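# Residue-level structure breakdown
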Amino acid sequence: MAELVFFCGTMDCGKSTLALQMHHNHTARGRGGVLFTQNDRAGEHVLSSRLGLSVPAHEVTTGTDFWAEVVTRRSNGERVDFLICDEAQFYSAEQVEQLGAVVDDLAVDVFAFGITTDFRTRLFAGSARLLELADRVETLQVQALCWCGARATHNARTEHGVMVVEGAQVVVGDVAVPADEDAVGYEVLCRRHHRLRMTARTSGAAALSPQTLDQALLAGD
């Protein structure tokens, strides 16, 4: 029985890596699938992972109709058993409803991947509708870490390493942007440091505190 499954988590927790792995696993068993993405950090028509993996994908736009995409492909003799939908937070609520119809009426599995909230901790429209409609919601078990070492639960937008809380909801950037560059970047934070607007740069923390050994132990006492 086909399912609509939403895999969610913060940035940097491996969503795109899992999407690529699932596509590989299903196609290796002879299933036909289509990769979709939107606003990937690597550019249009690409689904990429921060581990360095990337594959061609179909770019979702405001005019994309998932029902029509599947029907057209099947009408042309293409096998479509599943869809991989990365960056699903950027999809419209109507497009998520189309995905639900694709599952229910065309028996196509849909595996959607995305973050739930934006840099202001507000739900994206696509994620909100997926939470409402999905047969299953899976929170990824790979935990991104805040600069303090705690589990990161919030996405922060930064400029010069300083957290900002105003601006358009969708601005493409990455967690790999150096703090001193004049560019929009993102950083994952725990709730406390997101609330305090304290990024790694503004806290003065370059990395997690190094492990140290007691001097008495080193002396053999």
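Residues numbered from 1 in each chain as written. Predicted model: local features only at pLDDT ≥ 70, side-chain atom pairs only at ≥ 80, totals over all residues. Heavy atoms only, no water.

The protein is annotated in an unreviewed UniProt entry as Thymidine kinase of Cellulomonas pakistanensis. Taken verbatim from the UniProt record of the protein, the Sequence similarities (unreviewed entry) comment is "Belongs to the thymidine kinase family." (UniProt positions renumbered as here; feature names shortened; annotations may be inferred.)

### Describing the pairing of strand 6 (residues 82-85)
Alternating residues of strand 6 divide into Phe82 and Ile84 and Leu83 and Cys85, and every residue in both groups is buried. Looking at chain direction, strand 2 (residues 33-37) and strand 6 are connected through four bridges and run parallel. Bridge pairing in strand 6 links glycine 33 to phenylalanine 82. Pairing analysis gives four bridges linking strand 6 to strand 7 (residues 109-114), with the strands arranged parallel. Residue pairing in the sheet places leucine 83 in a bridge with valine 110 of strand 7. The parallel pair strand 6 and strand 7 is bridged by helix 3 (residues 93-106), and the resulting crossover is right-handed. (Buried < 20%, exposed > 50% of the residue type's maximum accessible area, 1.4 Å probe, protein only. Helix = DSSP H or I, 4+ residues; strand = E, 2+ residues; numbered from the N terminus. Pairing = 2+ DSSP bridges. Right-handed = clockwise from strand over helix to strand, strands pointing away.)

### Some details on the packing of aromatic side chains
Each aromatic ring pair is characterised by the separation of its centres together with the angle its planes make. A complete count under the given rule lists five aromatic pairs for this structure. Measuring from ring centre to ring centre gives 4.9 Å for phenylalanine 7 and phenylalanine 113, while their planes differ by 10°; the resulting arrangement is stacked. Highlighted residues: phenylalanine 7 in strand 1 (residues 4-8) and phenylalanine 113 in strand 7, separated in sequence by 106 residues. What makes phenylalanine 7 buried here is its relative accessible area of 11%. By relative accessible area, which is 0% here, phenylalanine 113 ends up buried. Here the aromatic rings of phenylalanine 90 and phenylalanine 124 are separated by 5.7 Å at their centres, their planes lie at 90°, and the arrangement is edge-to-face. One end of the pair, phenylalanine 90, is in the loop between strand 6 and helix 3; the other, phenylalanine 124, is in the loop between strand 7 and helix 4 (125-133), with 34 residues separating them in the sequence. (Phe/Tyr/Trp six-rings, centres within 6.5 Å; stacked < 30°, edge-to-face > 60°.)

### Let's talk about the packing of helix 3 against helix 4
Contact pair helix 3 / helix 4: the axes reach a minimum separation of 8 Å and the direction vectors enclose 35°. The hand of the helix 3/helix 4 crossing is right-handed. The residues of helix 4 that touch helix 3, namely those facing Ala93, Val96 and Glu97, are Gly126, Arg129, Leu130 and Leu133. The class makeup of the residues in the contact of helix 3 with helix 4 is four nonpolar, one polar and two charged. (Axes fitted to C-alpha atoms, helices over the stretch in contact; angles between N-to-C directions. Left-handed = near helix turned anticlockwise from the far one by under 90°. Contact = heavy atoms within 4.5 Å. Nonpolar A, V, L, I, M, F, W, Y, C, P; charged D, E, K, R; others polar.)

### Some words on the state of the cysteines
Considering all chains together, one arrives at zero disulfides under this definition. No disulfide involves cysteine 148; its sulfur sits 3.7 Å from that of cysteine 146, the nearest cysteine. For cysteine 148, a relative accessible area of 34% translates into the label partly exposed. Summary of cysteine pairing: cysteine 190 is not part of a disulfide, and the nearest cysteine sulfur, belonging to cysteine 146, is at 3.9 Å. (Disulfide = S-S within 2.5 Å.)

### With respect to the pattern of salt bridges
For the coordinates displayed, the defined rule picks out nine salt bridges. Between arginine 79 and aspartate 81 there is a salt bridge; the shortest N-O distance is 2.6 Å. The exposed category is assigned to arginine 79, whose relative accessible area is 53%. Since its relative accessible area comes to 14%, aspartate 81 is described here as buried. As a salt-bridge pair, arginine 129 and glutamate 97 come within 3.0 Å of each other at their nearest N and O atoms. On the criterion of sequence distance, the pair formed by arginine 129 in helix 4 and glutamate 97 in helix 3 is long-range, its members being 32 residues apart. (Salt bridge = Lys/Arg side-chain N within 4 Å of Asp/Glu carboxyl O.)

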